[in-house]
Amino acid sequence: MTTTVVRPPSALALHEVSASYGGRTVLDGVSVEIPPATLSAVVGPNGAGKSTMVKAALGLVPSVRGHVALLGEPLRRVRRRVAYVPQQDSVAQDFPITAVQVVEMGRYPHRGWLRRLTRHDDELVAAAMEQVNVADLADSPIDELSGGQRQRVFLARALAQGADLIILDEPFTAVDARTESALLEVLTSLCENGRSVIAVHHDLRTVLDRFDHAVLLAGTVIAAGAPADVLTAEHLERAYGMAPLALNR
Amino acid sequence: MIGWLLDALPLSYPDAVVVVGTAVVGFVAGALGPLAVLRQRSMFGDAMSHGTLAGVAVAFLVTGAKVPEVLLLGATISAALAAFAMIALERTGRLRPDAAIGVVLSVSLTLGIVLLTHIAGSGNSEQAGLNSYLLGQAAGLTERDIVLALALGAAALAVLLVGFRLVRSATFDPGFTSVAGVPTWAVDAASTGLLALAVVLGVRTVGAILMVALLVAPVVTARQLTKRLSTLVPLSGAVGAACGAVGGVLSGRAELPAGPVIVLLATAVAVLSVTFAPRRGIVARMRRRRTRVAR
């Protein structure tokens, strides 16, 4: 008699995904599987299609071919379970909104866009802000926060959503080192509790030190797997055209 | 009901009509203005406003009469066509948005002026006053105009109120909102529609050329005074209403076109707010910086 072991589905699975912007092919037949419950980084040189890859997976790029599964399902069936933290410059600057209002957005997919939030929602919002240390900034306008504080607020939104998969696009740009380390700690503990986190990132040093999994991209997948196996001199040379830094300790 | 309000005001009947009429138009424009300013669509609104002129002229040429509702319908159709043309130029012609706006704005204004000039020369005695659509005129407002503006304005504001979170989220963070399952293109289209309505309602009073200022200036004023969109919308509406009402009366007294007077007033208020607003104003920020340096 055999027992079937039900493996949890991949956090993100792309099969032959291609995408183009204004006639230029940015992703060319990308196939990759990112395992669940890991802190994963998508790395590669500028223009490698890192952002495009996660945006394509989230249905944010108009012309995409290929097949995408998030948490083993098509996007439309897992919208509530997937949280997206976009690049800071794709969020409206100088918008009149307070920190707590941003975090509350995380509850809208659950509650509906026209209904009031419940007390339960308010508690989740408060707990999420507490978790990333921004509870005291609740009533601050978002445009008066520092880069690090803003990023904490956006992560709190993902936490309030209670998502099983969090996808972040360049989350540590314009963020101080202390905040980066604190946020990585929160993300790591999420993964230990079975959540999956995928971050587009460019600092290869942190990827080696703090991430469980890495995908090296240069229009197509150069390598994927454990960071130490992915970020080898050979792979980096293929992706960047030259080894950018001696990463080996 | 409007009649009662007009009688209750301590003004002569014609002045009361102007005050109430321009206040309604100003409120609607101010309250819907954030849909232009915060979406960085101010010039898009300007081009739609210039586009109304040709529609007014064509509506008059077709019907041969100056029925406000018919002219309004013409203005709406041509504003929508202008919006459609801009989007089409951006999408298919791969034109940058500013270039698309520039083309549509100048072409539609030219068309409007050519048609109005043609009508003026046609000897049709009905056409007198059609020119006021260019620079606006508050004196010609009637009770019927007010009722129409109130009804359409209230409907537009109700739509904004119901969809408030959708609009706020889609404008602030379109990526998140789309991933959450909202068709952001639909929110965008609805916002543009509401904006078109505000433009069309105001065009007769403020004029096609200057209408955009009544969408933008009250928002700039109010933005300095609040950190929440839910306060910005009514506050901006109130500023728009005040500028509209005062400017409308002043222009009548001074025998000047209403558009420029209202716009100068709204701009002056915006400059005051940008300079002296308690928290975000230039003076307040300079003072904060000085205290920080002193420490």
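Residues numbered from 1 in each chain as written. Chains lettered and ligands numbered in written order. Predicted model: local features only at pLDDT ≥ 70, side-chain atom pairs only at ≥ 80, totals over all residues. Heavy atoms only, no water.

Residues and elements named next belong to chain A. The sheet built from three strands is open, its strands ordered S2-S1-S4 with antiparallel pairing. Lying at the two open borders of the sheet, with one neighbouring strand each, are strand S2 (24-34) and strand S4 (64-70). Strand-to-strand twist of the sheet, defined as the mean angle between neighbouring strand axes without regard to direction, takes the value 20°. In this sheet, S2 lies alongside strand S1 (residues 12-21) in antiparallel orientation, the contact comprising seven bridges. Bridging from a neighbouring strand, Ala-13 pairs with Glu-33 of S2. (Pairing = 2+ DSSP bridges. Helix = DSSP H or I, 4+ residues; strand = E, 2+ residues; numbered from the N terminus. Axes fitted to C-alpha atoms, helices over the stretch in contact; angles between N-to-C directions.)

A few words now on the confidence of the model for chain B. Of the residues in chain B, 99% have a pLDDT of 70 or more, and the chain-wide mean is 92. Both confidence scores are given for the complex: pTM 0.92, ipTM 0.93. (pLDDT = per-residue confidence, 0-100.)

Between side chains of opposite charge, a pair can form as their charged atoms come close. Scanning the entire structure with this criterion turns up 19 salt bridges over all chains. A salt bridge links Arg223(B) to Asp143(A); its shortest N-O distance comes to 3.2 Å. Linking Arg223(B) in helix H12 (residues 211-223) with Asp143(A) in the loop between helix H4 (119-131) and helix H5 (147-161), this pair reaches from one chain into another. Overlapping salt bridges bring together Asp94(A), Asp143(A), Arg223(B) and Arg280(B) as one network. (Salt bridge = Lys/Arg side-chain N within 4 Å of Asp/Glu carboxyl O.)

This paragraph deals with the environment of Arg204(B). All names here are of chain B. Along the chain, the position of Arg-204 falls in helix H11 (residues 184-206). Along the backbone, Arg-204 and Ser-132 are 72 residues apart, and their C-alpha atoms lie at a distance of 6.9 Å. Among all residues touching Arg-204, those that are not within four sequence positions of it are Ser-132, Tyr-133, Gly-136, Gln-137, Gly-140, Leu-141 and Asp-145. (Contact = heavy atoms within 4.5 Å.)

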